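Chains, contacts and geometry: an overview
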Number of protein chains: 2
Amino acid sequence: MNTIKSYVETHKNRFIDELIELLKIPSISADPAYTQDVIDTSAAIKASLEKAGCDHVEICETPGYPIVYGHKHISDDLPTVLVYGHYDVQPPDPLDLWESGPFEPIIKKTDIHPEGAIFARGACDDKGQMYMHVKALELMNETDQLPCNVKFMIEGEEEVGSESLAWFVERNQEKLANDVILISDTGMISNTQPSITTGLRGLSYVEVEVTGPNRDLHSGLYGGAVANPINILAKMIASLHDENNHITIPGFYDKVEDLSAEERAEMAKAPFSLEAYKNALDIDAVYGEAGYSTNERNSIRPTLDVNGIWGGYTGEGAKTVIASKAYAKISMRLVPNQEWKEITELFKTHFESIAPKGVKVKVTPHHGGQGYVTPIDNIGYQAASKAYEDTFGVPAIPQRSGGSIPIVSLFEKELKSKTILMGFGLNSDAIHSPNEHFGIFNYLKGIETIPLFYKYFTELSKELED
Amino acid sequence: MNTIKSYVETHKNRFIDELIELLKIPSISADPAYTQDVIDTSAAIKASLEKAGCDHVEICETPGYPIVYGHKHISDDLPTVLVYGHYDVQPPDPLDLWESGPFEPIIKKTDIHPEGAIFARGACDDKGQMYMHVKALELMNETDQLPCNVKFMIEGEEEVGSESLAWFVERNQEKLANDVILISDTGMISNTQPSITTGLRGLSYVEVEVTGPNRDLHSGLYGGAVANPINILAKMIASLHDENNHITIPGFYDKVEDLSAEERAEMAKAPFSLEAYKNALDIDAVYGEAGYSTNERNSIRPTLDVNGIWGGYTGEGAKTVIASKAYAKISMRLVPNQEWKEITELFKTHFESIAPKGVKVKVTPHHGGQGYVTPIDNIGYQAASKAYEDTFGVPAIPQRSGGSIPIVSLFEKELKSKTILMGFGLNSDAIHSPNEHFGIFNYLKGIETIPLFYKYFTELSKELED
């Protein structure tokens, strides 16, 4: 424990500098303009894993962006931890809302991060959290306390659906064989109250296109006489929720399991201030499905949100036009048991069925993934819990998250192992938003906590064998 | 008559070339990036009026873009025709739907225009139609048959609400004194069936902004728990029409006059093929207010259309974001008696009132104008009717148009004279759309017909005096 703390203390400035270098590369997987940057980032990850002490590192080509694989093997008799992370990032726009360049990392102090936070796209999601694992390996290696085997699998398409990862995992089950999968790509309640994510929502992401007339029309000459694709799209979107904010797609809730009163009561114990929540977002009221609390709405309930909408004239001033086409990107967060491909089909069928005459509708599925619930009675969860308690001084709380890491249920299916979600980010870190940041405290605390997970996981594995 | 036809025949290539030069200047009044081009266009108009034979031409400065004023005075005993037109154009976007550059005019044949049409932004609306008047003056001047006084007032802000024109007209009533106002900024039924526009709709154009959380949020962490401004905007827009496509804004229809059964029967006589209309737009059904025909919906009934909508992530691929803000541009076409400023207020009050808790709504009025109905029992209308009959060989049909020229009702109020809307465009000319064009036939026919209007108007004026 002391060697861990002192190693971090000695090397922390270098740890921060190395992360800052990594954050400067705009590895935006969604935008083909950044292809070379994404590839450059995979090379940087490879180099960092080699430097941290892996025996073997390789860039594995896939149909999409490469996956960086690395391992350090000690003994066949010891357990193996597979670390997963991603080196790609979300697009940074809207750019005008960033206070500093998204790929020009700077350190600033905030109320929540009095020790400073690194501001940059990917600082928390996931370059910062992924790099904690690289530095934790370096630490364990340099201080000679790596207690087990470790494998790394760092991908470059997490923000666009992890298609190539699925392809890779299916084809490399032996290479990826492990006893537990460890991921830091989630958050915790606060810097004084760690938590371990035990549930993730699934996702179905689609794009819709509504076409009316075959060309843009003058709204004076045609207004009122033809279906306006924007008005129709608005009507169709509006109809996807009823007056209680339930989703109206037939069959959508068929596989949603209601939590028991006990489980909901347990959830309600997590510290939460509605006033602080509203103040942080500058809203006068929360909004959501009738009959559920805010924490339930964003974790155990499925949702449907429009992520983007566009059509017609959006420039300066006024243009009296009826657009030929209107578009929206729509995503649904799903709960365990909801099959994402089935939900995508239900959406498509329903959305096409509600289009009035006078327009044509096209629904294009983007990507998706299954929801997941981690049981808390396995040694992976227990090892994480003990590690957090050691470094934070208080026990971690299990928590369901509203986010999605679609690949987790695939790991369980293909690799037959449980995933432990040890997140060190905070909700206020603005991931996917302008001014994303990651606390220096959180980054260093992660590097300290991860080696303890290895220690406890190896110990608990031995106990199981005995 | 013969001198008119032969003059047009002799000079038609030059008339076309001159218009093409004018169309090359991107005088987009809505976009500040084109300020110098708009100003350059006013200078080009001044030069063309001088060349056509005006005694006096001046560029009149205003709080916005300049107005080009010119006149040719023959005698105080003769009537005066005031020609109005505009030299600004609509923004050309979406650019990718243009088959040739919007400011690189080319002549192409189409089914409707076998003699060719000039394709360019502003070809019909309104540079082409305005320039017919310049060339008609040249013709009358050169062939010594201008029968009365003529004034020109060509503005540069018609596509953005004509604010400076209102300012100018109020301050220059004596300068602008006239017996009739002549405008070519509308269309006719077809190249074999001329029509004169006797009614215009008014307009109220607003922009709305819906703000939810103070920053873009991750849709997994916040989805379902806060009001999503795009979903809310869609809901609010959808609620502006009921199931019969009536507009739901309280008070909106209070001043709308229902036409008598006779008037509607008269309107229904205009040649119209619903099949041809649907085929031209590639739609399987028309769409609009229950209880009204297509021609009624786009002329005698008020409407509400979204002209543009945007919010969230609209780039390539997927981004799981809840946007902080969503926007729409919304315009209402109004019928005579509906007061546009009152309607704008009704919209604002209603739209703000339907915003749910959890979002803030801002409504910004852009511009607007009154609807107008021209009586057909005045000598201006009769002169136009005789002129069309001479050149087309069939009588022109009076027709209400769905478009708006907000300034027309201001002219009546400030200048106490009637406006005659002698349009030569066709609905299929794609004004305000990509690939706007204006038939060579229509352009030359306009130059031929306008001098006859002057002739008949002067004759009928004398008869009135006798």
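In this text, all values refer to a predicted model and were calculated from it rather than measured experimentally. (Residues numbered from 1 in each chain as written. Chains lettered and ligands numbered in written order. Predicted model: local features only at pLDDT ≥ 70, side-chain atom pairs only at ≥ 80, totals over all residues. Heavy atoms only, no water.)

Helix and strand counts for chain A come out as 13 helices and 18 strands. Taken over the C-alpha trace, chain A has a radius of gyration of 23 Å; the compact-globule value for 466 residues is 23 Å, and the two agree within 12%. Along the first, second and third principal axes, the C-alpha set of chain A runs to 80 × 50 × 45 Å. Here chain A holds 466 residues, and 63% of them are scored as buried. The long-range share in chain A, meaning contacts at least 24 apart out of those at least 6 apart in sequence, stands at 78%. Summing over all exposed atoms, chain A offers an accessible surface of approximately 17000 Å²; the carbon and sulfur share of this is 50%. Taken as two groups, the 41 positive and 68 negative side-chain charges of chain A have centres that lie 4 Å from each other. (Helix = DSSP H or I, 4+ residues; strand = E, 2+ residues; numbered from the N terminus. Rg over C-alpha atoms; globule rule 2.2 N^0.38 Å. Buried < 20%, exposed > 50% of the residue type's maximum accessible area, 1.4 Å probe, protein only. Contact = heavy atoms within 4.5 Å. Areas by Shrake-Rupley, 256 points an atom, 1.4 Å probe, with all protein chains shown as cover. Lys, Arg positive; Asp, Glu negative; His and termini not counted. Charge placed at Lys NZ, Arg CZ, Asp CG, Glu CD.)

All names here are of chain A. Between its first and last C-alpha, helix H2 (residues 35-52) extends 26 Å over 18 residues, near the 26 Å set by a 1.5 Å rise per residue. All buried positions along H2 are accounted for by Val38, Thr41, Ser42, Ile45, Ser48, Leu49 and Ala52. The buried residues of H2 all sit within an arc of 125° when viewed along its axis, so they share a single face. Along H2, exposed side chains directed more than 90 degrees from the buried face belong to Gln36 and Lys51. Buried-residue contacts for H2 involve helix H1 (2-23), strand S1 (56-60), strand S2 (67-72), helix H3 (127-142) and strand S6 (149-155). Directly beyond the C-terminal end of H2, a positive phi value near 120° is found at Gly53. (Expected span 1.5 Å × (residues − 1). Arc of directions from axis to C-beta.)

Turning to the pattern of salt bridges, a few remarks are in order. Counted under the stated rule, the structure contains 51 salt bridges over all chains. A salt bridge links Arg171(A) to Glu170(A), with the nearest nitrogen and oxygen atoms 4.0 Å apart. For Glu9(B), the salt bridge goes to Lys12(B), with nearest N and O atoms at 3.2 Å. With Glu9(B) and Lys12(B) both in helix H1 (residues 2-23) and 3 residues apart, the pair spans about one turn of that helix. (Salt bridge = Lys/Arg side-chain N within 4 Å of Asp/Glu carboxyl O.)

We now examine the sheet that holds strand S18 (residues 437-439) of chain A. Residues and elements named next belong to chain A. Read across the open sheet, the 3 strands follow the order S4-S5-S18; overall the sheet is antiparallel. On the outer flanks of this sheet lie strand S4 (106-108) and S18, each paired with one strand and no other. Between one strand and the next, the sheet's axes are offset by a mean angle of 30°, whatever the strand orientation. In this sheet, strand S5 (residues 117-119) lies alongside S4 in antiparallel orientation, the contact comprising 3 bridges. Within S5, the residue paired with Ile107 across the bridge is Ile118. (Pairing = 2+ DSSP bridges. Axes fitted to C-alpha atoms, helices over the stretch in contact; angles between N-to-C directions.)

Quick look at the interface of chain A and chain B now. By a widely used convention, the size of an interface equals the accessible area lost when the partners come together. Tallying the contact residues gives 94 residues for chain A and 94 residues for chain B. Notably, a salt bridge pairs Lys360(A) with Asp282(B), separated by 3.9 Å at the nearest N-O pair. The tally of links from chain A across to chain B stands at 48 residue pairs in polar contact (both at pLDDT 80 or more). Per-element tally for the side of chain A that touches chain B: the top contributor is strand S11 (residues 303-312) of chain A, with 10 residues. Pairing of S11(A) with strand S11 (residues 303-312) of chain B, which is carried by 5 bridges, proceeds in the antiparallel orientation. (Polar contact = N/O pair within 3.5 Å; in protein donor to acceptor, adjacent residues only side chain to side chain.)

Residues and elements named next belong to chain A. For chain A, the assigned domains read domain 1 (2-200 + 371-465) and domain 2 (202-256 + 302-369). Taking the mean C-alpha position of each, domain 1 and domain 2 sit 35 Å from one another. The partner domain 2 presents 8 residues to the 12 residues of domain 1 that form the contact. Carbon and sulfur atoms make up 54% of the area that domain 1 and domain 2 hide from each other, which totals about 720 Å². Of all residues in domain 1, Gly371, Ser404 and Pro406 give up the largest surface area on contact with domain 2, accounting jointly for 51% of the area buried on that side. Remark: the boundary between domain 1 and domain 2 carries 2 residue pairs in polar contact (both at pLDDT 80 or more). For the side of domain 1 that touches domain 2, the class distribution of residues is 5 nonpolar, 5 polar and 2 charged. (Domains from an automatic or database assignment. Buried area = accessible area lost by both parts, 1.4 Å probe. Nonpolar A, V, L, I, M, F, W, Y, C, P; charged D, E, K, R; others polar.)

Residue and element names in this part refer to chain A. Overall, the coordinates contain 26 aromatic pairs over all chains when judged by the stated rule. Judged by centre distance (5.2 Å) and plane angle (15°), the ring pair of Phe347 and Phe351 falls under stacked. Of this pair, Phe347 and Phe351 both sit in helix H10 (residues 340-353), 4 residues apart, which is roughly one turn of the helix. The exposure class of Phe347 is buried, given its relative accessible area of 0%. (Phe/Tyr/Trp six-rings, centres within 6.5 Å; stacked < 30°, edge-to-face > 60°.)

The next thing to look at is the relation of the copies chain A and chain B. Between the two copies, chain A and chain B, the superposition gives an RMSD of 0.1 Å; the rotation angle is 180° and the shift along the axis is 0.0 Å. Viewed as a symmetry operation, the transformation between the two copies matches a two-fold axis. Residue by residue, 100% of the interface of chain A is reproduced at the interface of chain B, so both copies engage with the same surface. (Least-squares fit on C-alpha atoms with pLDDT ≥ 70 in both.)

If you check UniProt for "domain: Peptidase M20 dimerisation" (unreviewed entry), the listed places come out as residues 199-358 of chain A in our numbering. Taken end to end, residues 199-358 of chain A is 29% helix and 22% strand, and its two terminal C-alpha atoms sit 43 Å from one another. (UniProt positions renumbered as here; feature names shortened; annotations may be inferred.)

Here we come to the environment of Thr35(B). Within the secondary structure, Thr35(B) is located in helix H2 (residues 35-52). Separated by 30 residues in sequence, Thr35(B) and Tyr65(B) have C-alpha atoms that sit 8.5 Å apart.

Attention now moves to the packing of H1(A) against H3(A). Packed helices, taken two at a time, are described by the angle their axes make and the gap between the axes. All names here are of chain A. Running from N to C, H1 and H3 point in directions that differ by 140°, and their axes come no closer than 10 Å. The angle between H1 and H3 places the two elements in the oblique class. As for how H1 packs across H3, the hand of that crossing is right-handed. Here H1 contributes Ile4, Tyr7, Val8, Arg14, Phe15, Glu18, Leu19, Leu22 and Leu23 to the contact with H3, which in turn contributes Lys127, Gly128, Met130, Tyr131, Lys135, Glu138, Leu139 and Glu142. Its residues assigned to classes, the contact of H1 with H3 shows 10 nonpolar, 1 polar and 6 charged. (Parallel < 35°, antiparallel > 145°, perpendicular 65-115°, else oblique. Left-handed = near helix turned anticlockwise from the far one by under 90°.)

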